[in-house]
Amino acid sequence: MGNLVEKFVLLGQRRFHDLNLPAKVVLSQLPLNATMILVCGIAASVQIGELTDAGFVGAQALALFLLALCAVVPWERLPKRAFLVIPLLDFIPVGILRASTEDLLQGLGLLAVFPMMWLAGSGYRPAVMVPLGTAATFAMVWTPHFGEGNSTSYTLTAELVTPFMVLAIGIATAVMTASGMIQRTRVRELLARTELRQRLLDTVLETVDVGVLVLDSDGRRLLMNARQRELHRIALPDGVDEGREPELLVYGEDSDRLTPLERRPVHRARNGETFAHDVFRLGTGANARIVSVSARPFYGVTGCQEGSVLAFSDVTEVVKAVRARDRFVAAMSHEFRTPLTSLLGYAELLQEEPSLSAAARSDVQVMARNARHLNKMVDDILAAATSDSTEPVRAPLDLAQLLREEAASSAPEAARRGLALHVNADDALPILGDQTAVVRTLANLVSNALKYSETGGKVVVTGKREGGWAVCTVEDEGIGIAPEDLQRVFTRFQRSSAAVRSGIPGTGLGLALAREVAVQHGGSLDVASELGVGSVFTLRLPVRQSSR
């Protein structure tokens with residue numbers, strides 16, 4: 001009895017699907033017993049003598065016996081669906097109760113609904129259980145007539161209502177149970193997928209070498225992966241195990257002053273701000289780390305902002321490498337330019353020496369030419385090393401004037417190579433640009449045209465205005481560029497196959513840097529060429545708008 005009471009207590013504390021099998025069996029039997037006890041109360045209020053009827057008492061006793069059987073039988077040790085014998089046996093006390101109180105209480109046959117719902121709702125072979133329950137209902141309502149000998153077609157037909165009602169309820173219960181089982185299966189699958197995705201997300205977050213911090217809509221921390229916890233510890237002051245945002249040591253990249261709270265990445269993200277690749281320094285001393293921080297808000301299904309995600313990328317080594325490169329470039333600039341300047345200076349002085357023989361003068365010219373070529377290579381390498389890190393200084397320029405000046409500078413080289421250099425740039429072409437970069441671009445275009453042209457040919461440099469563009473074209477009659485090499489010539493350290501076959505020296509940087517300058521200035525650099533015929537390079541830069 002104590003075991004039965006314990007099961008009743010558990011029924012009120014846990015969900016049905018969380019219960020063990022004996023508790024489920026007891027719970028499934030309870031509605032019938034509770035209703036039969038209710039029938040006792042109704043019978044007592046109508047005709048007290050009915051409570052002493054043998055059939056009535058026997059039906060109640062049998063129902064209670066079946067309830068006790070549900071509680072004491074070790075259903076887990078029996079075959080899986082053995083408990084379904086209980087609802088089949090329930091039709092017996094229901095039939096006895098109905099037969100014993102038929103004159104007093106009508107409709108008690110509908111108590112067969114309870115075992116039918118149990119059979120149909122078990123989910124086990126509903127195509128068998130529902131007909132079986134219906135057959136038991138027919139047996140329940142027809143057996144008394146056969147026992148009393150009045151089983152006429154009229155009496156049997158009059159009892160069809162109850163079995164068909166029970167059948168309808170059984171079918172509805174079976175359909176709903178099947179639908180519920182499908183839904184539960186889908187829910188379990190979704191839960192399994194969700195759990196798998198959660199585990200995958202946790203694994204990814206703990207694996208990536210990027211600090212991830214997730215804040216909710218109120219700015220509270222929802223998630224922080226291992227890498228971010230490490231960066232957080234680095235930003236803590238000495239002797240502090242856990243600090244709030246205002247206490248963290250957050251500096252600008254090249255500053256020793258703490259970044260104000262309103263400019264710190266976490267504070268900005270809490271305010272819903274979106275930003276990318278903002279650089280900060282966390283901590284001090286040898287353990288300090290430089291991080292690139294990006295933040296994006298995330299939104300719920302209703303479209304409302306639910307919080308923000310911050311990504312902290314440790315770029316300490318990258319910054320160190322860039323600084324080392326800058327130091328190397330500065331050192332190379334000094335170490336290479338100084339001796340080259342001396343070589344060129346002395347070569348020019350030697351060429352002016354009247355006592356120098358023709359052969360020696362020719363040798364000095366070769367030396368000067370190679371020194372100039374080496375100097376240009378150094379200029380290209382330095383420009384390539386600093387093009388990504390140096391912000392161009394924009395100033396008002398006249399592209400036509402720069403073209404004329406470049407043509408004048410290149411005239412001696414054109415004459416030495418036996419080439420005709422023509423310039424058509426009379427009208428002003430106002431632009432806004434970095435003079436050093438633009439001049440270097442024009443020098444690259446003109447020098448390339450001269451370098452790859454045959455003796456006796458000509459190079460034409462034209463400057464004109466086309467709508468809102470200042471357009472410079474450099475046309476030569478040189479070796480040309482093969483179609484498959486046209487785009488490759490603008491790639492760093494790449495040269496056309498014709499240039500390589502010609503044996504003309506070069507770094508493959510000049511045209512690449514020229515295009516980069518054009519793009520930095522909002523323009524473009526294109527080429528049209530035919531192998532063996534020549535090339536036309538077209539530089540387009542935006543015309544400077546006159547101020548009002």
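In case you missed it, the structure is sitting above this.
Residues numbered from 1 in each chain as written. Predicted model: local features only at pLDDT ≥ 70, side-chain atom pairs only at ≥ 80, totals over all residues. Heavy atoms only, no water.

1. Notes on the overall build of the protein chain
Part 1 of the argument: A count of helical and extended segments in the protein chain gives 16 helices and 13 strands.
Part 2 of the argument: Each of the 548 residues in the protein chain was classed as buried or not, and the buried ones make up 38%.
Part 3 of the argument: Counted over contacts in the protein chain with a minimum sequence separation of 6, partners at least 24 positions apart contribute 59%.
Part 4 of the argument: Accessible surface computed for the protein chain: about 30500 Å², of which carbon and sulfur atoms make up 58%. (Helix = DSSP H or I, 4+ residues; strand = E, 2+ residues; numbered from the N terminus. Buried < 20%, exposed > 50% of the residue type's maximum accessible area, 1.4 Å probe, protein only. Contact = heavy atoms within 4.5 Å. Areas by Shrake-Rupley, 256 points an atom, 1.4 Å probe, with all protein chains shown as cover.)

2. With respect to the sheet that holds strand S5 (residues 289-299)
Part 1 of the argument: Ordered in space as S2-S1-S6-S5-S4-S3, the 6 strands form an open sheet in which the pairing is antiparallel. What marks the edges here is a single partner per strand, and that holds for strand S2 (221-224) and strand S3 (250-252). For this sheet the average axis-to-axis angle between neighbouring strands, irrespective of direction, equals 30°.
Part 2 of the argument: Two elements, strand S4 (residues 275-282) and S5, share 6 bridges in a ladder whose sense is antiparallel. Residue pairing across strands places Phe275 opposite Ala295, the latter belonging to S5. (Pairing = 2+ DSSP bridges. Axes fitted to C-alpha atoms, helices over the stretch in contact; angles between N-to-C directions.)

3. Some points on a nonpolar patch on the surface
Part 1 of the argument: A surface patch of nonpolar side chains, about 280 Å² in accessible area, is lined by Val85, Leu89, Ile92 and Ile96.
Part 2 of the argument: In this structure, Leu89 sits in helix H4 (residues 85-100).
Part 3 of the argument: For Leu89, a relative accessible area of 31% corresponds to the partly exposed category. (Patch = residues over 30% accessible without salt bridge, like charges linked within 9 Å, V, L, I, M, F, W, Y side chains within 5 Å. Salt bridge = Lys/Arg side-chain N within 4 Å of Asp/Glu carboxyl O.)

4. Some remarks on unusual backbone geometry
Part 1 of the argument: The phi dihedral of Arg125 falls on the positive side, at around 45°, and the residue is not glycine.
Part 2 of the argument: Mapped onto the elements of the fold, Arg125 is located in the loop between helix H5 (113-121) and helix H6 (126-148).
Part 3 of the argument: Phi at His277 is positive, roughly 60°, even though this residue is not glycine.
Part 4 of the argument: Its location among the elements puts His277 in strand S4.
Part 5 of the argument: By relative accessible area, which is 60% here, His277 ends up exposed.

5. Things to note about the packing of H6 against helix H8 (residues 161-207)
Part 1 of the argument: Interhelical geometry of H6 versus H8 gives an angle of 160° and a closest axis separation of 9 Å. Between H6 and H8, the interaxial angle falls into the category roughly antiparallel. Judged by the twist between their axes, the crossing of H6 over H8 is right-handed. Here H6 contributes Pro126, Val130, Thr134, Thr137, Phe138 and Val141 to the contact with H8, which in turn contributes Thr162, Pro163, Phe164, Val166, Leu167, Gly170, Ile171 and Ala174.
Part 2 of the argument: Partitioning the contact of H6 with H8 into residue classes produces 10 nonpolar, 4 polar and no charged. (Parallel < 35°, antiparallel > 145°, perpendicular 65-115°, else oblique. Left-handed = near helix turned anticlockwise from the far one by under 90°. Nonpolar A, V, L, I, M, F, W, Y, C, P; charged D, E, K, R; others polar.)

6. Concerning the sheet that holds strand S12 (residues 524-530)
Strands belonging to one sheet form pairs held by backbone hydrogen bonds; the direction of such a pair is parallel or antiparallel.
Part 1 of the argument: Taken in spatial order, the 5 strands of this open sheet run S8-S10-S11-S13-S12, and their pairing is mixed. Sheet topology places strand S8 (420-424) and S12 at the edges, where each strand pairs with a single neighbour. With direction set aside, neighbouring strand axes in the sheet form an average angle of 15°.
Part 2 of the argument: Where strand S10 (residues 458-466) meets strand S11 (residues 469-476), 8 bridges bridge the pair, whose relative direction is antiparallel. Residue pairing for S11: Val461 is matched across the bridge by Val474.
Part 3 of the argument: Across the sheet, helix H13 (residues 399-416) is in contact with S8, S10 and S11; its angle to S8 comes to roughly 170°.
Part 4 of the argument: Contacting S10, S11, S12 and strand S13 (534-542), helix H14 (residues 435-451) crosses the sheet at an angle of about 20° to S11.

7. Regarding the packing of aromatic side chains
Working definition: an aromatic ring pair is given by the centre-to-centre distance plus the angle between the planes.
Part 1 of the argument: Within the structure shown, the criterion is met by 3 aromatic pairs.
Part 2 of the argument: Their ring planes at 85° and their centres at 6.1 Å tell us that Phe138 and Phe164 sit as a pair that is edge-to-face. A residue pair is termed long-range when its members are at least 10 positions apart, and Phe138 in helix H6 and Phe164 in helix H8 qualify at 26 residues.
Part 3 of the argument: Owing to a relative accessible area of 48%, Phe164 belongs among the partly exposed residues under this scheme.
Part 4 of the argument: Ring centres 6.4 Å apart and planes at 80° place the aromatic pair Phe490 and Phe537 in the edge-to-face group. Here Phe537 lies in strand S13 and Phe490 lies in the loop between S11 and helix H15 (497-502), a separation of 47 residues in the sequence.
Part 5 of the argument: What makes Phe537 buried here is its relative accessible area of 7%. (Phe/Tyr/Trp six-rings, centres within 6.5 Å; stacked < 30°, edge-to-face > 60°.)

8. A closer look at the pattern of salt bridges
Part 1 of the argument: Taken as a whole and judged by the stated rule, the model has 19 salt bridges.
Part 2 of the argument: Between Asp218 and Arg220 there is a salt bridge, and its shortest N-O distance comes to 3.2 Å.
Part 3 of the argument: By relative accessible area, which is 55% here, Asp218 ends up exposed.
Part 4 of the argument: For the salt bridge of Glu273 with Arg268, the shortest nitrogen-to-oxygen distance reads 3.0 Å.

9. What about the nonpolar core?
Part 1 of the argument: Core analysis: the largest hydrophobic core is formed by 36 residues, its most contacted members being Leu399, Leu442, Val461, Cys472 and Leu539.
Part 2 of the argument: Aside from chain neighbours lying at most four places away, what touches Cys472 is Leu399, Leu403, Leu442, Val461, Thr462, Phe537, Thr538 and Leu539.
Part 3 of the argument: In terms of nonpolar packing, the next biggest core, distinct from the first, is built from 34 residues, Phe56, Phe91, Ala136 and Val166 among them. (Core = buried A, V, L, I, M, F, W, Y, C linked by side-chain atoms within 4.5 Å.)

10. Focus on the environment of Gly252
Part 1 of the argument: Position of Gly252 among the secondary structure elements: in strand S3.
Part 2 of the argument: It is 9.1 Å that separates the C-alpha atoms of Gly252 and Ile290, two residues lying 38 residues apart in sequence.
Part 3 of the argument: Filtering out sequence-adjacent residues up to four positions away, Gly252 remains in contact with Arg257, Thr259 and Arg281.

11. Section: helix H16 (residues 510-520)
Part 1 of the argument: Among the residues of H16, those classed as buried are Gly510, Leu511, Ala512, Leu513, Ala514, Val517 and Ala518.
Part 2 of the argument: Phi for Gly522, located one or two positions after H16, is positive at around 80°.

12. Regarding the pairing of S2
Part 1 of the argument: Where strand S1 (residues 210-216) meets S2, 3 bridges bridge the pair, whose relative direction is antiparallel. Residue pairing in the sheet places Val214 in a bridge with Leu223 of S2.
Part 2 of the argument: Hairpin connection of S1 to S2: 4 residues between the antiparallel strands, including Gly219 at a positive phi of 85°.

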